[in-house]
Structure formats: structure tokens, C-alpha cells
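Residue strings, one per chain:
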Amino acid sequence: MGAVALMLGLALLELDAFTIVLFVVSILALIMAVFAWQAKQPLWMIPTLLVAIVWNPVLPLPFSGIPWIIAQFLGAVVLVSVGILLENKHATPPA
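Each value, and the rule that gives it
- Residues numbered from 1 in each chain as written.
- Predicted model: local features only at pLDDT ≥ 70, side-chain atom pairs only at ≥ 80, totals over all residues.
- Heavy atoms only, no water.
- UniProt positions renumbered as here; feature names shortened; annotations may be inferred.
- Helix = DSSP H or I, 4+ residues; strand = E, 2+ residues; numbered from the N terminus.
- Axes fitted to C-alpha atoms, helices over the stretch in contact; angles between N-to-C directions.
- Parallel < 35°, antiparallel > 145°, perpendicular 65-115°, else oblique.
- Left-handed = near helix turned anticlockwise from the far one by under 90°.
- Contact = heavy atoms within 4.5 Å.
- Nonpolar A, V, L, I, M, F, W, Y, C, P; charged D, E, K, R; others polar.
- Buried < 20%, exposed > 50% of the residue type's maximum accessible area, 1.4 Å probe, protein only.

### Topic: the UniProt feature "transmembrane region" (unreviewed entry) in the protein chain
No. 1: UniProt feature "transmembrane region" (unreviewed entry): in the numbering of this structure it lies at residues 17-36, 43-59 and 65-86.
No. 2: For residues 17-36, helix accounts for 95% and strand for 0%, while the C-alpha atoms at its two ends are 30 Å apart.
No. 3: For the annotated span residues 65-86, helix accounts for 95% and strand for 0% of the residues, and the straight-line distance between the end C-alpha atoms is 32 Å.

Rendered as C-alpha cells:
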């Protein structure tokens, strides 16, 4: 969902509504960091916390233009990659 928000956020980059994207992405990245902690895989917390920091709405970084567009794509790749690679070793396998 965070990656989807980042891709949709490309259309809102220069608008005030982009603040909503910042909130959504940072909250979802923090949730993924908690999942990584619960799965006892703290290394996966690093990229998700970096995404939460870059997209935090409280102290937004002064990005704009092409660097911010590239960051949107990289953030989406990070969130999707962590979502795929994070293993929950305590989950029960499907029956």
C-alpha cells in the first residue's frame, strides 16, 4: 500500500495534498518496521525507517523536481522489496 501511495503521490508532488502522501507513506513504513521487529529481523527495519524519515510530514526534507521523483520510485522499490523479503517465522503455514 505504501508503494501505491508513492506512485499516486507522483501526481500530487507540487500540491498541498502531497502532505497526505507523506503521512500515509511514513505511517506505513513505520508499521513495516514494527513487523520486521516482531519477525525478529531487525535489519529490515533500517530501510523502512529510512523511508519513514525521508517521507515524514513533520520535518519534510526540501526535495523537489527530479530528485524527488526518483526518490518516490526508490521508496516504492524499498517498500515492495521489504514486504516480499520479510519472513514471518512464527506464522503458521497454510493447510
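### So, the packing of helix 2 (residues 18-38) against helix 3 (residues 45-54)
No. 1: Relative orientation of the contacting elements helix 2 and helix 3 amounts to 165°, with a least axis distance of 8 Å. The pairing of helix 2 with helix 3 is recorded here as roughly antiparallel in orientation. In the crossing of helix 2 with helix 3, the sense of the turn from one axis to the other is left-handed. Of helix 3, the residues touching helix 2 (which contributes Val-25, Ser-26, Ala-29, Leu-30, Met-32, Ala-33, Ala-36 and Trp-37) are Met-45, Thr-48, Leu-49, Val-51 and Ala-52.
No. 2: Partitioning the contact of helix 2 with helix 3 into residue classes produces 11 nonpolar, two polar and no charged.

### Things to note about the environment of Val-82
No. 1: If you trace the backbone, Val-82 turns up in helix 4 (residues 65-85).
No. 2: On the basis of relative accessible area, Val-82 is assigned to the buried category, the value being 1%.
No. 3: In this structure the C-alpha to C-alpha distance between Val-82 and Thr-48, which are 34 residues apart in sequence, comes to 7.7 Å.
No. 4: Look past the residues within four positions of Val-82 in its chain and what remains in contact with it is Met-32, Trp-44, Pro-47 and Thr-48.

### Considerations on unusual backbone geometry
No. 1: The backbone of Lys-40 sits at a positive phi, close to 60°, despite the residue not being glycine.
No. 2: Inspection of the secondary structure puts Lys-40 in the loop between helix 2 and helix 3.
No. 3: In this structure Lys-40 comes out as exposed when scored by relative accessible area, which is 63%.

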